[in-house]
2 protein chains.
Amino acid sequence: MKTDKILLDHGSGGKIAHRLIADMLIPNFDNPILSQLDDGAVFDMGEQRLAFSTDTYVVDPIFFPGGCIGDLAINGTVNDLAMCGSTPLYLSTGLIIEEGFLIKDLEKILNMMRIAAHKAGVQVVTGDTKVVPKGAADKIFINTSGLGVISEQVNISSHRACIGDKIILSGSIADHGMAILTQREGLAFESTIQSDTAPLNRMVKRMLATYQDIHVLRDPTRGGVATALNEIAIQSSVGICVFEEKIPLNDNVAGI
Amino acid sequence: MKTDKILLDHGSGGKIAHRLIADMLIPNFDNPILSQLDDGAVFDMGEQRLAFSTDTYVVDPIFFPGGCIGDLAINGTVNDLAMCGSTPLYLSTGLIIEEGFLIKDLEKILNMMRIAAHKAGVQVVTGDTKVVPKGAADKIFINTSGLGVISEQVNISSHRACIGDKIILSGSIADHGMAILTQREGLAFESTIQSDTAPLNRMVKRMLATYQDIHVLRDPTRGGVATALNEIAIQSSVGICVFEEKIPLNDNVAGI
């Protein structure tokens, strides 16, 4: 679809979003590192291989069952770094806060960021806050960027899926998305669905300790598992066969 | 002043903003690197000393005489890294775009980011875009984070100002602020004031090539030179004497 304006779908993580990034960001900032299009950039700096990643969180509602925008922002960048096979070490955070935002909510969010950073074993080493006039932003937006270090033997990339590779899901799908949706729409269900936001770096560390030559890792976010698999299929030039009945799904999520 | 809500002044770069950061960010993320409160975090990674910095740009208007939010975002983080005495190398960018934003304006902004990155000699290696519903953000916000590498002999910090140090300004003050103000308020002046947004990393490189033991560097942004000097005075526990008549000021800026 041709359009001269940015649409909400441009941010959905689906095909249009892919085209927006491919059509606009890559030609402008073209370089071999960016063009990899992984969850983070991977490059050498001196003797070390580093992963560098950024993500902005605009989730609405900002508080939801199982978490809030703050721990989500920490976990998201920790996980993007872990998905590059790196050990996440240092994070930055940039806050955009709407005038009139309650200081007690900000305290709650920062406290949940602190706990999440502690759980993941990362340090928030630099930060920035901007306040915009009432109506110029929706409550609070949080950017986190992060740095991790990659062991020499590890080489994980969405370009490395091969014929014969198996897909392993670490948990049930769609819990976070449905937690947000039910909260946002004020839908009442018998059991509240909790977001499964969590740092995955320790799990990845254990996986790499068991087997170093993992080809691809992905933390499905916008667009879910389907979009993640589609992106891997395109970037690795492989076909992926998914057995629907084998995808773990919690009963209350399946109910929706 | 006690308040239970975030005020616009919390983002002004003045005393209230200082208290917001000191009162809320530091206790939550307390670590020796963050507590330095320089323009960027400085730490060792393997054999190398790195600088890591983040900044979010919410400037209104997004296009102004002499630049736009895009080149401002690149130059700002390049300069924060340069002010740590580092050579800026890699940048990330996170965009928050309001639904309905014109694609041609986004193209213009990305193009100016590309030119600014090229001028500064840095690479944008990772990026993220989020689209929020109409009214949930004011047109576009841009976060940039960046990484630079610091030579062994360099030790620049806002804690290092000493008795006897001299202040050197690299140019006239308030050009950028007045360019934004006059554009925002639709004020008509005989001569248009241009923002002086520019990358300063090559200038810092030349300075360090001439004399390595520079104590403090600062790129005054919100709050201008006055706030920058106040922060240095506090962090270095020194008094600073400023001779107003020696501060370079363009005639058209002085006129306002």
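Everything quoted here is computed from the prediction, not taken from an experiment.

Visitor: Any chance you could explain the pattern of salt bridges here in plain terms?
Guide: Think of it this way: side chains of opposite charge can pair up when their charged atoms draw near. Tallied over the full model, the rule gives 14 salt bridges over all chains. One salt bridge connects B:Lys130 with A:Asp55, and the closest N-O pair in it is separated by 2.8 Å. Here the residue B:Lys130 occupies a position in strand E6 (residues 123-132), and A:Asp55 occupies one in strand E2 (residues 48-57), the pair thus bridging two chains. Considered together, B:Lys130 and A:Asp55 belong to a single accessibility category, that of buried residues.

Visitor: Whenever I open this one, the sheet that holds strand E5 (residues 86-98) of chain B confuses me. Can you help?
Guide: In a beta sheet, neighbouring strands are held together by backbone hydrogen bonds and run either parallel or antiparallel to one another. All names here are of chain B. Read across the sheet, 5 strands follow the order E1-E2-E7-E5-E6 without closing on themselves; strand pairing throughout is mixed. Unpaired on one side and paired on the other, strand E1 (41-45) and E6 mark the two borders of the sheet. Between one strand axis and the next, the sheet turns by 20° as a mean value, whatever way the strands run. Where helix H2 (residues 69-83) meets the sheet, its contacts fall on strand E2 (48-57), E5, E6 and strand E7 (140-150), and the angle it forms with E7 comes to roughly 30°.

Visitor: Would you mind showing me how to read empty space enclosed by the protein here?
Guide: Vacant regions in the atomic arrangement are exposed by a probe of water-molecule size rolled over the atoms. All names here are of chain B. For the structure shown, the criterion picks out 7 cavities of 30 Å³ or more. Volume-wise, the largest cavity comes out at about 60 Å³. Surrounding the largest cavity, Asp38, Asp39, Met83, Cys84, Ile156, Ser157, Ser158, Leu217 and Arg218 form its lining. When the residues that make up the lining of the largest cavity are grouped by side-chain class, the tally is 4 nonpolar, 2 polar and 3 charged.

Visitor: Can you help me understand the interface of chain B and chain A in this one?
Guide: Interface size is commonly expressed as the accessible surface area that is lost when the partners come together. Contacts between chain B and chain A engage 77 residues on the former and 76 residues on the latter. Both sides of the chain B and chain A interface together cover about 6500 Å² of buried area, and 70% of this is carbon and sulfur. If you sort the residues of chain B by the area they bury against chain A, B:Ile6, B:Phe29 and B:Met45 come out on top, with a joint share of 11%. Our count for the contact surface shared by chain B and chain A stands at 2 salt bridges. Remark: the boundary between chain B and chain A carries 20 residue pairs in polar contact (both at pLDDT 80 or more). When contributions to the side of chain B that touches chain A are tallied by element, the ones reaching two or more residues are helix H1 (15-29), E1, E2, E5, helix H3 (103-120), E6 and E7 of chain B. Considering each element in turn, the side of chain B that touches chain A owes the most residues, 10 residues, to E6(B). Its residues assigned to classes, the side of chain B that touches chain A shows 38 nonpolar, 25 polar and 14 charged.

Visitor: Just checking my understanding: could you explain the pairing of E2(A) for this structure?
Guide: Residue and element names in this part refer to chain A. Across the 10 residues of E2, 9 count as buried, placing the element largely inside the fold. Looking at chain direction, strand E1 (residues 41-45) and E2 are connected through 5 bridges and run antiparallel. Among the inter-strand pairings, Phe43 is bridged to a residue of E2, identified as Leu50. Linking two consecutive strands that pair antiparallel, namely E1 and E2, is a turn of 2 residues; a positive phi of about 65° is found at Gly46 within it. As paired elements, E2 and strand E7 (residues 140-150) share 9 bridges and run antiparallel to each other.

Visitor: Just checking my understanding: could you explain helix H6 (residues 224-236) of chain B for this structure?
Guide: Side chains three or four residues apart in an α-helix point the same way, a direct result of the helix having 3.6 residues per turn. Helix length check: H6(B), at 13 residues, gives a terminal C-alpha distance of 18 Å against a target of 18 Å (1.5 Å per residue), a fit within 8%. Of all the residues in H6(B), the buried ones are B:Val225, B:Thr227, B:Ala228, B:Leu229, B:Ile232, B:Ala233, B:Gln235 and B:Ser236.

Visitor: Looking at this model, I keep getting lost on the relation of the copies chain B and chain A. Mind explaining?
Guide: Here the two chain copies are tied together by a rotation about an axis and a shift along that axis. Overlay of chain B on chain A (RMSD 0.0 Å): rotation 180°, translation along the axis 0.0 Å. Overall, the copies show the geometry of a two-fold rotation axis. Residue B:Ala137 of chain B places its C-alpha closer to the rotation axis than any other residue of that unit, at 2.1 Å. In this assembly, 99% of the residues forming the interface of chain B have copies in chain A that are likewise at the interface, indicating an isologous arrangement.

Visitor: Could you clarify how one ought to interpret the side chain of A:Lys130 in this entry?
Guide: A relative accessible area of 9% means that A:Lys130 is categorised as buried. For A:Lys130, the side chain forms a polar contact with the side chain of B:Asp55, separated by 2.8 Å. In this view, A:Lys130 contacts A:Leu95, A:Ile96, A:Ile97, B:Asp55, B:Thr56, B:Val58 and B:Arg222; residues no more than four positions away in its chain are not counted.

Visitor: Even after reading the chapter, I still don't get the environment of B:Ser92, so can you show me in this structure?
Guide: The topology assignment puts B:Ser92 in strand E5. Along the sequence, B:Ser92 and B:Phe29 sit 63 residues apart, while their C-alpha atoms lie 22 Å from each other. Residue contacts for B:Ser92: discarding those within four places in its chain leaves A:Phe52, A:Thr54, A:Ser145, B:Thr126, B:Asn143, B:Thr144 and B:Ser145.

Visitor: Sorry if this is basic, but what is going on with the pairing of E7(B) here?
Guide: Along any regular strand, the residues point their side chains to alternate faces of the sheet. Residues and elements named next belong to chain B. Of all 11 residues making up E7, 11 are buried, and the element is well covered by its neighbours. Where burial is concerned, the two faces of E7 agree: the one with Ile140, Ile142, Thr144, Gly146, Gly148 and Ile150 and the one with Phe141, Asn143, Ser145, Leu147 and Val149 are both buried. Sheet topology places E5 next to E7; 11 bridges connect them, and they run antiparallel. Bridge pairing links Thr93 to Thr144 in E7.

What counts as what
Residues numbered from 1 in each chain as written. Chains lettered and ligands numbered in written order. Predicted model: local features only at pLDDT ≥ 70, side-chain atom pairs only at ≥ 80, totals over all residues. Heavy atoms only, no water. Salt bridge = Lys/Arg side-chain N within 4 Å of Asp/Glu carboxyl O. Helix = DSSP H or I, 4+ residues; strand = E, 2+ residues; numbered from the N terminus. Buried < 20%, exposed > 50% of the residue type's maximum accessible area, 1.4 Å probe, protein only. Pairing = 2+ DSSP bridges. Axes fitted to C-alpha atoms, helices over the stretch in contact; angles between N-to-C directions. Contact = heavy atoms within 4.5 Å. 1 Å grid on protein atoms, 1.4 Å probe; cavity = no way out; pocket = protein on both sides within 12 Å on 5 of 7 lines; lining within 4 Å. Points joined across faces, edges and corners; volume = space filled by probe spheres on them. Nonpolar A, V, L, I, M, F, W, Y, C, P; charged D, E, K, R; others polar. Buried area = accessible area lost by both parts, 1.4 Å probe. Polar contact = N/O pair within 3.5 Å; in protein donor to acceptor, adjacent residues only side chain to side chain. Expected span 1.5 Å × (residues − 1). Least-squares fit on C-alpha atoms with pLDDT ≥ 70 in both.

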